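# Structural overview
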Amino acid sequence: MAAQVALVTGASSGIGEAAARRLRDAGFTVYAAARRVDRMAGLREAGVHTMSLDITDAASAQAAVAQILAEQGRIDVLVNNAGYGSYGALEDVPLSEAQAQLDVNVLGLARMTQLVLPQLRAQRSGTIINIASMGGNFTTPLGAWYHASKYAVEALSDAMRMELAPFGIDVVVIEPGSIRTEWGAIAAAAVLETSGDGPYRTQAEQVATSLGRTSAPGARMTSSPEVVARAIVTAATARRPRARYRIGFGAKPLVLAHRILPARVFDRLIRRGMGVTG
């Protein structure tokens, strides 16, 4: 039987790169997609197909899916991993940036899903794996738009899971905790750029320090992208995957704490954990 085909978005680094490698090792024909193809040379050398993809651009997304179907005749797994963290006080974030955050983290995910669904329905099989976050269950200071986008991914995934079940299509949410990737450094730079001056300056500096630590090599209280990649492969290969996989440092205990603690008590816990005082 021919190998199953997987498409991984946002595959130029971190979770996406690790997932592409793991899926390849598990026997999938893997297409790794990102805006910067030059950063995926190592994946090409490992036998992964690489392709240029901007999930916010309809033509780019259509071309990517069409290429895979032309070359392989099918798509079995879509890993919606592309995304970034827009941080800054709600008062400071321009609505154009809020729109950009939703365009990537929510609408881009929806666009890719819409494009592969006709093929998955025709096959009456397939798995859509959406990379959300533990931050789709609770929020951190100065992360309003990022968390709003991840809450939306949770809701979209729940709706899709029910809609697509009659067609034999599974929908899975992966909720990583604190993962050691360049994501944290990028988010830290964003919060300083957006709210590093003005009334939120102190909070922005404290949040940036906390976010930036997660990108440091060997950072404490973080997990490797490999733990998320392993969960993605588990979901992609399971006959009946779970609806949610909470993976990595802090994910399970913090989601549980959010459920059982009073809101203001949990707020204090999160502020303390992010180093936000005052």
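Residues numbered from 1 in each chain as written. Predicted model: local features only at pLDDT ≥ 70, side-chain atom pairs only at ≥ 80, totals over all residues. Heavy atoms only, no water.

### Some points on a nonpolar patch on the surface
Residues Leu256, Ile260, Leu261, Val265 and Leu269 make up a contiguous nonpolar surface patch of roughly 390 Å² in combined accessible area. As for its position among the elements, Val265 is in helix α10 (residues 263-273). On the basis of relative accessibility, which here comes to 31%, the residue Val265 falls in the partly exposed class. (Patch = residues over 30% accessible without salt bridge, like charges linked within 9 Å, V, L, I, M, F, W, Y side chains within 5 Å. Areas by Shrake-Rupley, 256 points an atom, 1.4 Å probe, with all protein chains shown as cover. Salt bridge = Lys/Arg side-chain N within 4 Å of Asp/Glu carboxyl O. Helix = DSSP H or I, 4+ residues; strand = E, 2+ residues; numbered from the N terminus. Buried < 20%, exposed > 50% of the residue type's maximum accessible area, 1.4 Å probe, protein only.)

### A closer look at the packing of aromatic side chains
Applying the stated rule across the entire model yields four aromatic pairs. Their ring planes at 75 degrees and their centres at 5.4 Å tell us that Phe138 and Phe266 sit as a pair that is edge-to-face. Highlighted residues: Phe138 in the loop between β5 (126-131) and α5 (144-164) and Phe266 in helix α10, separated in sequence by 128 residues. Take Phe138 and Phe266: they sit in the same class, and that class is buried. Aromatic side chains Tyr146 and Trp183 sit 5.1 Å apart centroid to centroid with 55 degrees between the ring planes, which places their arrangement in the tilted category. Linking Tyr146 in helix α5 with Trp183 in helix α6 (residues 183-195), this pair joins segments that are 37 residues apart in sequence. The class of Tyr146 is buried, set by a relative accessible area of 7%. Over the face of the ring belonging to Phe167 we find Arg121, whose NZ or CZ atom lies 5.9 Å from the ring centre. (Phe/Tyr/Trp six-rings, centres within 6.5 Å; stacked < 30°, edge-to-face > 60°. Lys NZ or Arg CZ within 6 Å of the ring centre and 35° of its normal.)

### Section: the packing of helix α9 (residues 251-260) against α10
For the pair α9 and α10, the least separation of the axes is 8 Å and the interaxial angle reads 150 degrees. Taken together, the axis directions place α9 and α10 in an arrangement best described as roughly antiparallel. As α9 packs across α10, the resulting crossing turns out to be left-handed. For the pair α9 and α10, contact is made by Leu254, Ala257 and His258 and by Phe266, Leu269 and Ile270, respectively. Residues belonging to the contact of α9 with α10 are distributed by class as follows: five nonpolar, one polar and no charged. (Axes fitted to C-alpha atoms, helices over the stretch in contact; angles between N-to-C directions. Parallel < 35°, antiparallel > 145°, perpendicular 65-115°, else oblique. Left-handed = near helix turned anticlockwise from the far one by under 90°. Contact = heavy atoms within 4.5 Å. Nonpolar A, V, L, I, M, F, W, Y, C, P; charged D, E, K, R; others polar.)

### Section: the side chain of Glu175
Relative to the assigned elements, Glu175 resides in strand β6 (residues 169-176). Overall, the relative accessible area of 0% leaves Glu175 in the buried class. Reaching out from Glu175, the side chain makes a polar contact with the side chain of Arg246 at a distance of 2.4 Å. Excluding residues within four positions of it along the chain, Glu175 makes contact with Ser133, Met134, Asn137, Glu154, Arg244, Tyr245, Arg246, Ile247 and Ala251. (Polar contact = N/O pair within 3.5 Å; in protein donor to acceptor, adjacent residues only side chain to side chain.)

Take it as geometry only, folks, not as evidence of what the structure does.
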